[in-house]
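# A structural walkthrough
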Amino acid sequence: MPELPEAETVTRALERVLPGRKITGVMVRVPKLRTSLQPLADADLAGHVFTAVHRRGRYIILTMDDQRGLLLHLGMTGAVSVVPAIESPRHHEHVILKLDNGDSFRFEDPRRFGLLECHPLKTDGLPTVLDFLGPEPLTEDFCTEYFYQMAHRRHIAVKELLMDNTVVTGVGNIYATESLFMAGIRPIHRSDRLSRMECGRLVDAVKEILTRAIAAGGTTISDFRGVDGSEGNFNRELLIYGKVGEPCPHCGAILRTVKLGGRSSCYCPKCQK
Ligand SMILES: [Zn+2]
């Protein structure tokens, strides 16, 4: 599932091609993705110009020239591309926006858990539907003291806390798993028993892992592709994600798994306390 680095990779790619482009036509080919596409079809997008592309958590906002924006979430299998409008639509390309330079923006999503909606934007450039999101992990708002306070308000597994978008936005299973390994903390460690020092290690690990993943263009686990169809390169840097039963890259102990909120979480029984 695409996480923050994948959304950032797509955002940066779209930033290079969308601003300045006018929408000349809208084709909606299925009734709904995660939500109905009818409002998008009815939103009178034609004639409007994209002015910017932003990311907030895993959401991408395609800003238009009328204080509205298209809110995009890749869901499980979503991918966007910008290709010549004359190319025939692929089977799962559910929304196609024709652009004034002969290209087209396409949203492809076989499993349809993605989202594409038109929203008014506030003065900060974001729609109100994203107000619930916690701080961005790569900003100073996500710091040791903040995370320590949040951790001690709750009595849940630290991995669940890390993956709660109202606590910090955009950290999913892959990067939570890797960050906890780097910080030496078990996924099931109770959040309210974390010391300040442990919170500090974890906050630093999240920032480092996400920064490296963005630099590598994200991680291709199953379906994620960048806008140009390329795969992310962070896979080869993953240390333990998806490696249950293999030896720990640090100490050689066999990596174990624990069930948390319906997902299996890989950890090293020696390196992670
Ligand atoms: Zn180990």
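Please read these numbers as outputs of a predicted model, since none were measured by experiment. (Residues numbered from 1 in each chain as written. Predicted model: local features only at pLDDT ≥ 70, side-chain atom pairs only at ≥ 80, totals over all residues.)

### Structural notes on the domain arrangement of the chain
Domain parsing of the chain yields domain 1 (4–130) and domain 2 (144–267). Each of domain 1 and domain 2 has a C-alpha centre, and the two are 29 Å apart. (Domains from an automatic or database assignment.)

### Some words on the packing of helix 1 (residues 4–17) against helix 6 (residues 196–215)
Relative orientation of the contacting elements helix 1 and helix 6 amounts to 40°, with a least axis distance of 9 Å. With respect to the hand of their crossing, helix 1 and helix 6 are arranged in right-handed fashion. Of helix 6, the residues touching helix 1 (which contributes Leu 4, Pro 5, Glu 8 and Thr 9) are Leu 210, Ala 213 and Ile 214. Per-class residue counts for the contact of helix 1 with helix 6 are five nonpolar, one polar and one charged. (Axes fitted to C-alpha atoms, helices over the stretch in contact; angles between N-to-C directions. Helix = DSSP H or I, 4+ residues; strand = E, 2+ residues; numbered from the N terminus. Left-handed = near helix turned anticlockwise from the far one by under 90°. Contact = placed C-beta atoms within 7 Å. Nonpolar A, V, L, I, M, F, W, Y, C, P; charged D, E, K, R; others polar.)

### Considering the packing of helix 5 (residues 173–183) against helix 6
At a minimum axis separation of 8 Å, helix 5 and helix 6 run at an interaxial angle of 130°. With respect to their mutual orientation, helix 5 and helix 6 come out oblique. Pair helix 5 / helix 6 crosses with right-handed handedness. Facing helix 5, whose interface residues are Tyr 175, Glu 178, Ser 179, Leu 180, Met 182 and Ala 183, helix 6 presents Glu 198, Arg 201, Leu 202, Ala 205, Val 206, Ile 209, Leu 210 and Ala 213. By residue class, the composition of the contact of helix 5 with helix 6 is ten nonpolar, one polar and three charged. (Parallel < 35°, antiparallel > 145°, perpendicular 65-115°, else oblique.)

### What about helix 6?
Compared with the 28 Å implied by 1.5 Å per residue over 20 residues, the 29 Å span of helix 6 between its first and last C-alpha is a close match. All of the buried residues along helix 6 are Glu 198, Cys 199, Leu 202, Val 203, Ala 205, Val 206, Ile 209, Leu 210 and Ala 213. End-on, the buried residues of helix 6 take up no more than an arc of 165°, which puts them together on one face. At its buried positions, helix 6 is contacted by helix 1, helix 3 (144–153) and helix 5. Taken from the residues just after helix 6, Gly 217 is the one with a positive phi, measuring 80°. (Expected span 1.5 Å × (residues − 1). Buried ≥ 20, exposed ≤ 12 C-beta atoms within 10 Å, placed from the backbone. Arc of directions from axis to C-beta.)

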